[in-house]
Amino acid sequence: MDASAAIEHACRHSRYLTRLLAARPETAEALATTLQAHASAAVLEEWLSETPFDQGDEAALKSALRRLRARTMAHLIVRDLNGLADLDEVTEGMTLLAELTARVAADQARTALVERFGEPRGETDNAVQPFICIGMGKLGGRELNVSSDVDFIFIYPEAGETDGETPTGPGKRIDNFDFFNRLGRKVIELLAEVTADGFVFRVDMRLRPNGDSGPLAASFDMLENYFVTQGREWERYAWIKARALTGGRHDELEALRKPFVFRKYLDFGAINAMRDLHAQIRREVARRDMADNIKLGPGGIREIEFIAQVFQLIRGGRESALQIRPTQKVLDRLEMRGVLTTETVGQLQSAYVFLRRLEHRLQYVEDAQTHKLPGSAEDQALIASAMGFDDYPTLLAELDRHRGHVSRHFEAVFGAQEADAPKPRAIWQDAERTDECHSALSGMGFTDAEDLAHRLAAFKSGSRYRQLPDKSRTRVDVLVPKLLDACAGTPNPTATALRGLDLLESISRRAAYLALLAEFPQALGQVARLIGASSWAAGYLVRHPILLDELLDARLLTAEPDWPAFETALRAQLEELGDDTERQMDTMRDAHHAQVFRLLARDLAGELSVEHLSDHLSALADVMLRVTLDYCWRKLNRRHCEVPRFAVIAYGKLGGKELGYASDLDVIFLFDDPHESAPETYARLAQRLLTWLSSHTSAGILFETDTRLRPNGESGLLVSSVEAFRDYQQKSAWVWEHQALTRARFSAGDSAVGEQFEAIRCEVLMSPRDIDTLRREVLDMRHKMRDGHSNKSALFDIKHDAGGLIDLEFAVQYLVLAYSHTYPELTGNLGNIALLRIAAQVGLLPALDAVAAGNAYRSLRRLQHGLRLNDAPKARVAPEEVTAERAAISAVWTRLFGEDANSPGHA
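Residues numbered from 1 in each chain as written. Predicted model: local features only at pLDDT ≥ 70, side-chain atom pairs only at ≥ 80, totals over all residues. Heavy atoms only, no water.

A.B. asks: Summarise the overall build of the protein; cite the residues concerned and give the values.
C.D. replies: Of regular secondary structure, the protein possesses 39 helices and 16 strands. Principal-axis analysis of the C-alpha atoms gives the protein an extent of 110 × 75 × 60 Å. Evaluated residue by residue, the protein yields a buried proportion of 56% over its 907 residues. Considering only contacts in the protein between residues 6 or more positions apart, those separated by 24 or more positions represent 74%. Only carbon and sulfur atoms are counted for the fraction: they give 50% of the accessible area of the protein, which is about 37900 Å². (Helix = DSSP H or I, 4+ residues; strand = E, 2+ residues; numbered from the N terminus. Buried < 20%, exposed > 50% of the residue type's maximum accessible area, 1.4 Å probe, protein only. Contact = heavy atoms within 4.5 Å. Areas by Shrake-Rupley, 256 points an atom, 1.4 Å probe, with all protein chains shown as cover.)

A.B. asks: Residue-level account of the pattern of salt bridges, with values.
C.D. replies: Side-chain pairs of opposite charge can arise whenever the charged atoms involved come near each other. Counted under the stated rule, the structure contains 69 salt bridges. Notably, a salt bridge pairs Glu359 with Arg356, separated by 2.6 Å at the nearest N-O pair. One end of the pair, Glu359, and the other, Arg356, are both in helix α15 (residues 342-366), 3 residues apart, so they sit about a helical turn from each other. Grouping residues by exposure puts Glu359 and Arg356 together as buried. Between Asp470 and Arg473 there is a salt bridge, with its nearest N and O atoms 2.8 Å apart. Here the residue Asp470 and the residue Arg473 both occupy positions in helix α22 (residues 470-488), the gap between them amounting to 3 residues, near one helical turn. Asp470 sits in the exposed class, given a relative accessible area of 56%. Counted as one network, the salt bridges with shared partners bring together Arg15, Arg19, Glu366, Glu378 and Asp379. (Salt bridge = Lys/Arg side-chain N within 4 Å of Asp/Glu carboxyl O.)

A.B. asks: Please give an account of the side chain of Asp80 that cites residues and values.
C.D. replies: Tracing the chain through its elements places Asp80 in helix α5 (residues 58-81). According to the relative accessible area criterion, Asp80 is buried, its value standing at 6%. There is a polar contact of 2.9 Å between the side chain of Asp80 and the side chain of Arg361. Sequence-distant contacts of Asp80, defined by excluding residues within four places in its chain, comprise Ala85, Val90, His360, Arg361 and Tyr364. (Polar contact = N/O pair within 3.5 Å; in protein donor to acceptor, adjacent residues only side chain to side chain.)

A.B. asks: Tell me about the pairing of strand β3 (residues 150-156), and please be specific about residues and values.
C.D. replies: For β3, the tally of buried residues reaches 7 of 7 residues, placing the bulk of the element in the interior. Residues Val150, Phe152, Phe154 and Tyr156 line one face of β3 and the alternating positions Asp151, Ile153 and Ile155 line the opposite face, and both faces are buried. When strand β2 (residues 132-135) meets β3, the two strands line up antiparallel, connected through 4 bridges. Bridging from a neighbouring strand, Ile132 pairs with Ile155 of β3. Pairing of β3 with strand β8 (residues 217-219), which is carried by 3 bridges, proceeds in the parallel orientation. Looking across to β8, one finds that Tyr156 is bridged to Ser219. (Pairing = 2+ DSSP bridges.)

A.B. asks: I'd like to hear about α22, residue by residue, with values.
C.D. replies: Compared with the 27 Å implied by 1.5 Å per residue over 19 residues, the 28 Å span of α22 between its first and last C-alpha is a close match. Within the span of α22, buried status applies to Ser472, Arg475, Val476, Leu479, Val480, Pro481, Lys482, Leu483, Leu484 and Cys487. (Expected span 1.5 Å × (residues − 1).)

Written as structure tokens, this is what we have:
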């Protein structure tokens, strides 16, 4: 299509363009030569330069800016209606036009004022103060539509006064407040005044602090004070897209804006605030009969923006990647983070593009700021054709499809909260009447309801509940009945409800978590299932209520972890925090707790074996050690090299990849570095790493640590050279230290040091030993441990009693130390069950005995794990429950040590 045909086609769909080209034939000629060009910043500046104006000639300036606007509009209309420009090009073109004209207007207005009063200077350091024009709304988001007004806020940094230095000599001084308010009024006039050439943009200043009653321009201090004392929830929403267009010191402005918009916590209260705001809009739409408004009506553009922005308000403070402005990019990032599904985002993106394209075509007709569908048959046909449809009913059908998708997704996020069932609501209302409450709870299926009735009464009459703010107390009043209803459907409803009340009471002063549970009933159901299955899980949630957020996306609780991807994402998060050690430590703790919680959810759902769970927990701990080590090294002063020749060696449960939820980390530290400063440097590094791991912050701790397995134990150096470690293991280590070495491994740091450790480990394990002496020493150590964990009860202690876990572990360690010289494959850190299998393969154990003992070990670990999930003080069961397991482990013990595992000397 040639230029003339393209222009003719566009004119058929835009009466405004027809009038414009008739009045300005030169614009049509210019269009023909530039139609293939994008309306870039450079192109717009070139077009503006074609209409020169002198400083101080306001009439010429106004004419030039308005002619630029007309040319840009014509260019975008023709390109868009002929399929040469997509939505992004049109909105970016209009945004660039607004930026350029605002900047030119501000520069010209400022120059005129400076010539009269001199430069405005700050009180702090007498520095010249910039005029900052902030673009709000779609302008801030680089999404400006073709006939939009522009929302501005005018800001300057500091109070002070002008210096009075003018080109003609000393001039009158005025304060900065007066200077910048005058400047703001002139900018508005230069852009919005209607002249013979039209206008550039209508300017709306109602979003400024205190709205129409506030000053036109405000200082940083005035803005900050307003945010702190008067800023409302809807203003947080408005300031999401705020972007400085002119001036400088934008970093200082961002330092004010971001804490106001983005809370440090997960702010689920934003949902209710935005629901109220949208309800106001809906009422206004209904009052003014605006159902055909594609921006404000049901399923319109505003609802898509609300969906994107509410999650920015909720999560943006903790996820800086969501602190962006364009709606479509926000939706993409919400999909990437699993907040919205791929299907949801696809439908919202498709609807957004369709609605914005339709919006532009409605506005092209008369260059009117309209979002209302046409009423006349002529205009209906015009719009249908401009959108590429054969007729208007077909267009409406497609529009209705998109609006239906938007409305459905909007209701999923903002829909009214479900009412609670009448019976639990009545129970909570009468909670302080314990007898009636007891009876009603029994009727709901709560056994042993007396304890629950007393707990409800104590909660409602307690000072914590009574001292809550009204909004929080109202939310608790809504949540308790819902909690009771959810708990009634669990296998142990009373215990679940008691745990749930503990959780609810612990978070009652934290409005964000109350809002989360109030807004997302599915989260409350998940809470009931989890805490009903495990008292440890309930305690974990009480300690880390931020994990409630994890319950909103079921996919997170079922997905197999990708530890390399997790580590990459964690490192990226930490990098964004710069040198803020406290926030980095909190971020690592939050990330670790979230991953543990996801594993816990899968564990309680029966999706993970104990072995598989331990593998994941150990892999997660390795990630945290690697990342912690890297950051501790970076922050260490007086480093003698760039890359530390230092390694973290894991022992115990971490070394054997049998880590549990609450396991300590048994670690030692090795280095291989000849530099004279190395011992001191690496000792400081190790101490910093231990502090980073075990310090209590507002987010809790990462791990408790234990370094007593290092050479010479607590009396030894915190870090050892590789050579010193080798020497100690070969000459000074006790047999029990060699036993510990059987399940030690490199965990983090310099892999070359890790390889040296592994070589030493294998060398030590494969050293020839006198088997009788070894047997006696292992037995002596086992007897000492038994004496230290005497069991006077009638129950069987899964870990410590004869035929239990430690017997099997000692038996495997004995096999490794006794026979690795002959069978090197026994040195592999493969886990007890795999090593039993290898022992059988080389003839050290009967195959059936090895399999039976391995199965028994697995069964006992599973029992132990289940007891720990419900906070059993000791892992003990009735002996008859584990008769077969005890027998299988005792058979291996007797074969290796020649004594009955249940004999008095052993037991």
